[in-house]
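Commentary on secondary and tertiary structure
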Amino acid sequence: LKTIWVLLFWLGSMFLLRHLIKDYRPEFQSYFNLVLLGVWTGMFWPTVSQLIILQGKARIHFVLEIIRWLAGVLTTIICLVWLNWGMVSLLVAPLVGNIISLVIESWFIVKNSLIRLRRKWISEVVTVGLPSIPANISETLGNMVDRYFIQAWLNLTQLAFYSHAERYINSFKLYNKS
């Protein structure tokens, strides 16, 4: 789902950046693309991180965090000092750190995969999962539409009041469901 959002932001940026930024320059599109690529490569880390924590492998988690951090710092230093890239180095550093992390995460998942895919389980997931897609899409749209209309026709202050009140409503809904 996050991949779809990154793709939508990328497609939208081609048309919207020049209208949203007052002093737009063509390199802003490249900067935005670097940021989106960095976000996309880093979006797998929270899942792998939780998997490592659940398996009780604190040392591996610590080492991976340090590797990610060091890759970002070293990339920033190299890009600033030797390549003289300026601000671009601040955008490239998270991307390089996330790419290195992605390679390690992929290796970790393949090595420690607890679940082996079987045709029976894949068909079970598809038969159970496909009917729930329309309901999930309508629930997601239902949660976003009201906020859009409040922001469009009222103002952000009233949207904040609505969001705060909605937290209380959701806690009561959760209580009733349980």
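Up top you'll find the structure we're talking about.
Predicted model only: the values in this text are computed from it and were never measured.

What follows covers the overall build of the protein. Tallying secondary structure elements over the protein gives 8 helices and 0 strands in all. Of the regular secondary structure in the protein, the N- to C-terminal order runs α-α-α-α-α-α-α-α. Within the protein, the proportion of its 178 residues that are buried is 21%. Long-range pairs, those at least 24 residues apart, make up 52% of the contacts in the protein between residues at least 6 apart in sequence. Approximately 13900 Å² of the protein is accessible, and the part contributed by carbon and sulfur atoms is 72%.

It is worth spelling out the nonpolar core at this point. Listed in full, the 5 residues of the largest apolar core are Trp45, Val48, Ile52, Leu64 and Phe108. Those residues within four positions of Phe108 in sequence are excluded, and the remaining contacts are Val48, Leu51, Ile52, Gln55, Lys57 and Ile60.

The relative placement of two packed helices is expressed as an angle between their axes plus a distance between the axes. Packing of helix H4 (residues 58–82) against helix H5 (residues 87–111) brings their axes to within 8 Å, and their N-to-C directions diverge by 150°. Between H4 and H5, the interaxial angle falls into the category roughly antiparallel. Regarding H4 and H5, the two cross each other, and that crossing is right-handed. On H5, the residues that touch Ile60, Leu64, Ile67, Arg68, Ala71, Gly72, Thr75, Thr76, Cys79 and Leu80 of H4 are Ser89, Leu90, Val92, Ala93, Val96, Gly97, Asn98, Ile100, Ser101, Ile104, Glu105 and Phe108. Split into classes, the residues belonging to the contact of H4 with H5 amount to 13 nonpolar, 7 polar and 2 charged.

The first and last C-alpha atoms of helix H2 (residues 27–42) sit 23 Å apart over 16 residues, in line with the 22 Å expected at 1.5 Å per residue. Buried residues of H2: Phe28, Gln29, Leu36, Gly38, Thr41 and Gly42, and no others.

Glancing now at the pattern of salt bridges. All chains considered together, the criterion is met by 2 salt bridges. Here Arg25 makes a salt bridge to Glu27, at a shortest N to O gap of 3.1 Å. Ionic pairing is found between Arg68 and Glu105, a salt bridge with its closest N-O pair at 4.0 Å. In this pair, Arg68 sits in helix H4 while Glu105 sits in helix H5, placing the two residues 37 residues apart along the sequence. Of the residues examined, Glu105 reaches a relative accessible area of 2% and is grouped as buried.

How each quantity is defined
The numbers attached to residues start from 1 for each chain and follow its sequence in the written order. Reporting in this predicted model follows two pLDDT cut-offs: at least 70 for local features of residues, and 80 or more for side-chain atom pairs to be given and counted; totals over whole chains, interfaces and linings ignore these cut-offs and use all residues. Only heavy atoms go into the side-chain values, all of them from the structure, while hydrogens and water stay out. The helix and strand labels rest on DSSP assignments: H or I over at least four residues marks a helix, E over at least two residues marks a strand, and numbering proceeds from the N terminus. Type-normalised accessible area, obtained with a 1.4 Å probe on protein chains alone, sets the label of each residue: buried when under 20%, exposed when over 50%, and partly exposed for intermediate values. Residues count as neighbours in contact if any of their non-hydrogen atoms are within 4.5 Å of one another. Each accessible area is a Shrake-Rupley result for a 1.4 Å probe, and residues are judged covered by the shown protein chains and nothing else. In these notes, a set of buried Ala, Val, Leu, Ile, Met, Phe, Trp, Tyr and Cys residues joined through side-chain atoms within 4.5 Å is what counts as a nonpolar core. Angles here are taken between N-to-C directions and fall from 0 to 180 degrees, while the axes themselves are lines fitted to C-alpha atoms, restricted in helices to the stretch in contact. These descriptions rest on fixed angle ranges, namely under 35 degrees for roughly parallel, over 145 for roughly antiparallel, 65 to 115 for roughly perpendicular, and the rest for oblique. It is the rotation of the near helix from the far one that decides the hand of a crossing: anticlockwise by less than a right angle makes it left-handed, clockwise makes it right-handed. Note on residue classes: Ala, Val, Leu, Ile, Met, Phe, Trp, Tyr, Cys and Pro are nonpolar, Asp, Glu, Lys and Arg are charged, and everything else, Gly too, is polar. Every helix has an expected span of 1.5 Å times one less than the residues it contains. Whenever a carboxyl oxygen of Asp or Glu lies within 4 Å of a side-chain nitrogen of Lys or Arg, that contact is scored as a salt bridge.

Taken by themselves, the reported measurements are silent on function.
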